[in-house]
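Single-letter residue listing:
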Amino acid sequence: MRSPIHSPFEVPNTVSLVAGVGDANNPLNAFDMALLDAGIGNLNLIRISSIMPPKADIVPLPKIPMGSLVPTAYGHQISDVKGETIAAAVSIAIPKDKELCGLIMEYEGVCGKKEAEDIVKNMAKEGFEMRGWEIDKIISIASEHTVENIGCAFAAAALWYK
């Protein structure tokens, strides 16, 4: 059965938070391993800015056909410093007014998982303050990795269609 074709103007109506880590002999393979660990390694990610469509549902990652073009807001940190701790995080702020869009914030750095998550949550709060909107809730996900060779920490919000 063929997967449905979505117009580039169709608004995704689901968002899934995913995170993963990888370690390899080169940066691209470390990134690829982190994508595989996050469950989205066999998809074509289209990097997007940080807007969650209004009324989109936050769901566990659905089964998306391999090779699909998937709008994704993500953060990733790559390092070749052995023993260094790296992290990436993504948060989604949901507005009280369900007619408004949500905000997706991404962060990556040389830090731990908790610090990265705290930063993206504060970024979401600031984004809502700039718009004069009220937050209903903020959810987040993060990954942390201690580099062995060349490491990657990855976190993302993948948008899809019901």
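Residues numbered from 1 in each chain as written. Predicted model: local features only at pLDDT ≥ 70, side-chain atom pairs only at ≥ 80, totals over all residues. Heavy atoms only, no water.

A.B. asks: How would you explain the nonpolar core if you had to name every residue and give the values?
C.D. replies: Val 18, Phe 31, Ile 40, Val 70, Phe 154 and Ala 156 are the most contacted members of the largest nonpolar core, which totals 19 residues. Elements with a minimum of two residues in this core: β1 (14–24), α1 (27–38), β5 (69–79) and β9 (150–160). Of all the elements, β9 adds the most residues to this core, at 6 residues. If sequence neighbours within four positions are ignored, Ile 40 has contacts with Val 18, Leu 35, Leu 45, Leu 61, Phe 154 and Ala 156. (Core = buried A, V, L, I, M, F, W, Y, C linked by side-chain atoms within 4.5 Å. Buried < 20%, exposed > 50% of the residue type's maximum accessible area, 1.4 Å probe, protein only. Helix = DSSP H or I, 4+ residues; strand = E, 2+ residues; numbered from the N terminus. Contact = heavy atoms within 4.5 Å.)

A.B. asks: How would you sum up the layout of surface pockets? Please name residues and give values.
C.D. replies: In this structure, the second largest pocket spans a volume of roughly 160 Å³. As for the second largest pocket, its lining consists of 16 residues, and the residues nearest its centre are Met 52, Lys 55, Ala 56, Ile 94 and Lys 98. Taken together, the elements giving at least two residues each to the lining of the second largest pocket come down to β4 (57–58), β6 (85–95) and β8 (135–146). Split into classes, the residues belonging to the lining of the second largest pocket amount to 10 nonpolar, 1 polar and 5 charged. (1 Å grid on protein atoms, 1.4 Å probe; cavity = no way out; pocket = protein on both sides within 12 Å on 5 of 7 lines; lining within 4 Å. Points joined across faces, edges and corners; volume = space filled by probe spheres on them. Nonpolar A, V, L, I, M, F, W, Y, C, P; charged D, E, K, R; others polar.)

A.B. asks: Could you give an account of the sheet that holds β9, naming the residues involved and the relevant values?
C.D. replies: The mixed open sheet is built from 5 strands, whose spatial order is β2-β5-β9-β1-β4. Two strands lie at the open edges of the sheet, namely β2 (44–47) and β4, each paired on one side alone. Packing of α1 onto the sheet brings it into contact with β1, β2, β5 and β9, and relative to β1 it is tilted by some 135°. (Pairing = 2+ DSSP bridges. Axes fitted to C-alpha atoms, helices over the stretch in contact; angles between N-to-C directions.)

A.B. asks: Any chance you could break down the sheet that holds β8 for me, citing the residues and the numbers?
C.D. replies: The strand order β3-β7-β6-β8 describes an open sheet built from 4 strands, whose pairing is antiparallel. Pairing within the sheet leaves two strands with one partner each, and these edge strands are β3 (51–52) and β8.

A.B. asks: Describe the environment of Ala 142, naming the residues involved and giving the relevant values.
C.D. replies: One can find Ala 142 in strand β8. Counting along the chain gives 26 residues from Ala 142 to Ala 116, while the straight-line C-alpha distance between them is 7.1 Å. Excluding residues that lie within four positions of it along the chain, Ala 142 makes contacts with Ala 19, Ala 88, Ala 89, Lys 113, Glu 117 and Ala 155.

A.B. asks: Tell me about α1, and name the residues and values.
C.D. replies: The end-to-end C-alpha distance of α1 is 17 Å, a good match for the 16 Å that 12 residues give at a rise of 1.5 Å each. Taken residue by residue, α1 has Ala 30, Phe 31, Ala 34, Leu 35 and Ala 38 as its buried positions. Burial along α1 is one-sided: seen end-on, the buried residues are contained in an arc of 140°. Tucked into the core, α1 has its buried residues touching β1, β2, β5 and β9. (Expected span 1.5 Å × (residues − 1). Arc of directions from axis to C-beta.)

A.B. asks: Account for helix α2 (residues 113–131), with residues named and values stated.
C.D. replies: If you check α2, its first and last C-alpha atoms are 28 Å apart, about what 19 residues at 1.5 Å a residue would give, namely 27 Å. Within α2, the full set of buried residues consists of Ala 116, Glu 117, Val 120, Ala 124, Gly 127 and Phe 128. Buried residues in α2, looked at end-on, bunch into an arc of 115°, giving them a common side. Facing away from the buried surface of α2 by more than 90 degrees, the exposed residues are Lys 114, Glu 129 and Met 130. In the stretch just after α2, Gly 132 is the one whose phi turns positive, near 75°.

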